[in-house]
Amino acid sequence: MRGAVITRTHTLEGHGRGVLSVDVTDNLMVTGSKDRTAKLWDIEACREIRTLGVHPNNVHLVKFVPFSNYVFTFSMYEARVWDYRTPECVCVKVLNSSGQVNDGGSVDTSQVMPRQNTIPFLETVITAADVDPTGQLLFTSFAAYVRIWNLREWKPLGRLNAASHSPKSEVSCLRTTMTPEGSILAYTGSRDHYVKEYEVGVGTGVIESKCEFTPPHYDNVTAVLPLNGNLYTASKDVNIMKFSLKDGKREHLELRAHQQYIQSLAAFGPKGKELLVSACKDGTLRFWDVATSNRMRLVEEYSKAHQEGINDMSTTKSMLFTASADSTVGFWKSNIVEQF
């Protein structure tokens, strides 16, 4: 599959069921799947390095920790920490949604247990998570708020309070970024349609939202993406909104940006001139020009980029990686780097 923006170069197979999450760093990629495993891959060789254990249930999130040897895999209420530079890819810590911390040795990653569907008392499913750009803080959802972890000391540090509009709802997506001044900003989307912004201080503690973006979406918020002074939000209502981070006002509403649920947003291309990429449940990719005006201009569409839905995306300067419910990961090479 070839277009003006990207060309499909490889299709990676190896998972037994749908791939739910993907992340890349340097020459490594990690994937999480419905088959209850996470896998570490050599990108250049398109080769599996190691399977990271069998988890309690679906591995719905995976995240590399910047400036470290660690990668997180999330399943149910657990966040497992793996040291991928060791020959055996050892699990070093297990962080629970409640704030409890266990040594990696407490989990027998080689033993295959039945799929777990019950949540222990005081725990909840971690529905969203992110690692800040410095690699020092981890953010994990806990129902209607977000727990902040100190990754240097492996302990809870504070929380983002009332991250959903209603205390009975829950956080559905989460993204962090760093300002030019060095402040950490966190953005949360919730199942009750709202998006909030938080400024994370050094000491942390309980942090109230800095801004709640209005108007809200009409359905569950599925993705948030801060990019070049704006915030892009997507939802099951199949719309994409663009907000200014200067004043929090909505600058554009792209009605029916896709035909089905939008499941992921990413930025792709040279810094400052990135295209917005959106992926949806029917396997379609769309590339949007968001740099030349306040509106969003559709640059190119890749219909059926996958045979089933695209659950997640990750990018490098010249590559786009798409995780799909068809059990594969698509490798896409940029055709636009030279043009810029």
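Note that the structure is a prediction, hence the values are computed from the model and not measured.

(A) Expanded view of the pairing of strand β26 (residues 285-289). Within β26, five of the five residues are buried, which leaves it mostly tucked inside the rest of the structure. Both strand β25 (residues 275-280) and β26 contribute to a ladder of five bridges, which runs antiparallel. Opposite L276, over in β26, you have W288 as the bridge partner. From the end of β25 to the start of β26, which pair antiparallel, there are four residues, and G283 there has a positive phi angle of about 90°.

(B) Summary view of the sheet that holds strand β24 (residues 262-268). Strand order in this open sheet of four strands is β24-β25-β26-β27, and the pairing throughout is antiparallel. Looking at which strands have only one partner, the edges of the open sheet turn out to be β24 and β27 (297-302). The mean inter-strand angle of the sheet, taken between neighbouring strand axes irrespective of direction, is 25°. With six bridges connecting them, β24 and β25 associate as antiparallel partners. Among the inter-strand pairings, L265 is bridged to a residue of β25, identified as S278.

(C) Representation of the UniProt feature "repeat: WD" (unreviewed entry) in the protein chain in the model. Using the residue numbers shown here, the UniProt feature "repeat: WD" (unreviewed entry) corresponds to residues 12-51 and 255-298. Regarding residues 12-51, the helix share stands at 0% and the strand share at 65%, and the terminal C-alpha atoms are separated by 15 Å. Helix makes up 0% of residues 255-298 and strand 45%, and the two end C-alpha atoms of the span are 12 Å apart.

(D) Focus on the pairing of strand β3 (residues 28-33). Most of β3 sits inside the fold, with six of its six residues counted as buried. Neither face of β3 is open: one carries L28, V30 and G32, the other M29, T31 and S33, and all of them are buried. When strand β2 (residues 19-25) meets β3, the two strands line up antiparallel, connected through six bridges. For S21, the partnering residue across the bridge sits in β3 and is G32. In this antiparallel pair of consecutive strands, β2 and β3, the connection spans two residues, and D26 shows a positive phi of 50°. For β3 and strand β4 (residues 37-42), the ladder comprises five bridges, and the chain directions are antiparallel.

(E) Looking closely at unusual backbone geometry. At the junction of T214 and P215, the peptide bond is cis and its omega measures out at 0° in the coordinates. By the secondary structure assignment, P215 is in the loop between β19 (211-213) and β20 (221-227). Phi is positive for C46, close to 50°, though the residue is something other than glycine. With a phi close to 55°, W154 is a non-glycine residue in the positive phi region. Structurally, W154 is set in the loop between β13 (145-150) and β14 (155-160).

(F) Region of interest: the environment of T214. With respect to the helices, strands and loops of the structure, T214 is situated in the loop between β19 and β20. When the C-alpha atoms of T214 and Y194 are compared, they prove to be 7.7 Å apart, with 20 residues separating the residues in sequence. Other than its neighbours up to four places away in sequence, T214 contacts Y194, F243, G248 and R250.

(G) Here's a closer look at the nonpolar core. One finds I6, L285, F287 and L320 to be the most contacted residues of the largest nonpolar core, which totals 16 residues. Here this core gets three residues from one element, more than from any other, and that element is β25. The contacts of L320, once residues within four sequence positions are left out, are I6, F268, V277, L285, F287, M313, S314, T315, G330, F331 and W332. Among the nonpolar cores identified, the runner-up in size contains 15 residues, and L28, V30, Y84 and V107 belong to it.

Basis of the calculations
Residues numbered from 1 in each chain as written. Predicted model: local features only at pLDDT ≥ 70, side-chain atom pairs only at ≥ 80, totals over all residues. Heavy atoms only, no water. Buried < 20%, exposed > 50% of the residue type's maximum accessible area, 1.4 Å probe, protein only. Helix = DSSP H or I, 4+ residues; strand = E, 2+ residues; numbered from the N terminus. Pairing = 2+ DSSP bridges. Axes fitted to C-alpha atoms, helices over the stretch in contact; angles between N-to-C directions. UniProt positions renumbered as here; feature names shortened; annotations may be inferred. Contact = heavy atoms within 4.5 Å. Core = buried A, V, L, I, M, F, W, Y, C linked by side-chain atoms within 4.5 Å.

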